[in-house]
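Understanding the architecture of this molecule
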Amino acid sequence: MTELHYELIQTRGLRFEVATAGEGDKLALLLHGFPECAHSYRHQIPLLVSLGYRVWAPNMRGYGRTDRPVGVKSYSMDLLESEISDLIEEWGA
């Protein structure tokens, strides 16, 4: 069984709670939608790790221990897209 670790990762804009597993030079970034959370990927993560991926499954803004900005405008698609880019940069890609 692949062990999941939960880390708090600070990007330029937010602090994310990220379920992490595995090691390697390839990143599998698993992004949940509404009303899911990072835990939803618990069954897919072991396969990705066995294929040599480092897996990050962040709780997106407003979920888990990830920051929860106030207001509907704080959840626009443009902001969500930039946060994904920030997470990839934080990983080192």
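The structure this text deals with has already been given above.
Residues numbered from 1 in each chain as written. Predicted model: local features only at pLDDT ≥ 70, side-chain atom pairs only at ≥ 80, totals over all residues. Heavy atoms only, no water.

**Focus on the nonpolar core**
This is how the line gets drawn: Residues enter a nonpolar core if they are buried and are Ala, Val, Leu, Ile, Met, Phe, Trp, Tyr or Cys, with the set joined through side-chain atoms within 4.5 Å. Relative accessibility thresholds used throughout: buried, under 20% of the residue-type maximum; exposed, over 50%; partly exposed, between the two (1.4 Å probe, protein chains only). Contacts between residues were defined by any pair of non-hydrogen atoms, one from each residue, lying within 4.5 Å.
Listed in full, the nine residues of the largest apolar core are A19, A21, A28, L30, A38, I45, L48, V55 and A57. Leaving out residues up to four positions away in the same chain, A38 has contacts with A19, H32, A57, P58 and N59. With six residues, the next largest nonpolar core counts L14, F16, W56 and L87 among its residues.

**Focus on the packing of aromatic side chains**
The cut-off we apply is this: Here a pair means two rings of Phe, Tyr or Trp (six-membered ring of Trp) with centres within 6.5 Å. Their orientation is stacked below 30 degrees between planes, edge-to-face above 60, and tilted elsewhere. Should the NZ of a Lys or the CZ of an Arg lie within 6 Å of a ring centre and within 35 degrees of the ring normal, that charge is described as sitting over the ring.
Applying the stated criterion to the full structure yields zero aromatic pairs. The lysine or arginine in question, K26, covers the ring of Y53, its NZ or CZ lying 4.4 Å from the ring centre. Its guanidinium or amino end placed over the ring of Y75, R61 lies 5.5 Å from that ring's centre, counting from NZ or CZ.

**Thoughts on the pattern of salt bridges**
Condition: By definition, a salt bridge exists where a carboxyl oxygen of Asp or Glu is found within 4 Å of a side-chain nitrogen of Lys or Arg. Secondary structure counts use DSSP, requiring at least four H or I residues in a row for a helix and at least two E residues in a row for a strand, with both numbered from the N terminus.
Applying the stated rule across the entire model yields five salt bridges. Here D67 ties to R15 by a salt bridge, and the two come within 3.5 Å at their closest N and O atoms. Of this pair, D67 sits in the loop between β4 (53-58) and α2 (77-91) while R15 is found in strand β2 (residues 15-21), placing the two residues 52 residues apart along the sequence. Measuring nitrogen to oxygen at the nearest pair gives 3.4 Å for the salt bridge that ties E17 to R65.

**Some points on the pairing of β2**
Our working definition: A strand pair is defined by DSSP finding two or more bridges across the two strands.
Most of β2 sits inside the fold, with six of its seven residues counted as buried. Sheet topology note: the strand β1 (residues 5-10)/β2 ladder contains six bridges and is antiparallel. The partner of Y6 across the bridge, within β2, is A19. Counting the residues between successive antiparallel strands, the hairpin from β1 to β2 contains four residues. As defined by bridge partners, β2 adjoins β4 across four bridges and the pair is classed as antiparallel. The residue of β4 that forms the bridge with V18 is P58.

**Structural notes on the sheet that holds β4**
To keep it simple, the criterion reads: Each axis is a line fitted through C-alpha atoms, and for a helix only the stretch in contact is used; angles between axes span 0 to 180 degrees, taken between their N-to-C directions.
Read across the sheet, four strands follow the order β1-β2-β4-β3 without closing on themselves; strand pairing throughout is mixed. Only two strands of the sheet have a single partner each, and these edge strands are β1 and β3 (26-29). Pairs of neighbouring strands in the sheet enclose a mean axial angle of 35°, with direction left out of account. The sheet strands contacting α2 are β1, β2, β3 and β4, and the helix crosses β4 at an angle near 145°.

**Focus: α2**
What counts here: To estimate how far a helix should reach, multiply one less than its number of residues by 1.5 Å. Within this analysis, the arc is defined by the directions that extend from the helix axis to the C-beta atoms.
The first and last C-alpha atoms of α2 sit 21 Å apart over 15 residues, in line with the 21 Å expected at 1.5 Å per residue. For α2, the set of buried residues is E83, D86 and L87. Across the axial projection of α2, the buried residues extend over an arc of 100°, all falling on one side. Across from the buried face of α2, at angles greater than 90 degrees, the exposed residues are M77 and D78. Contact partners of the buried residues in α2: β1, β2 and β4. Positioned one or two residues after α2, G92 has a phi angle of 110°, which is positive.

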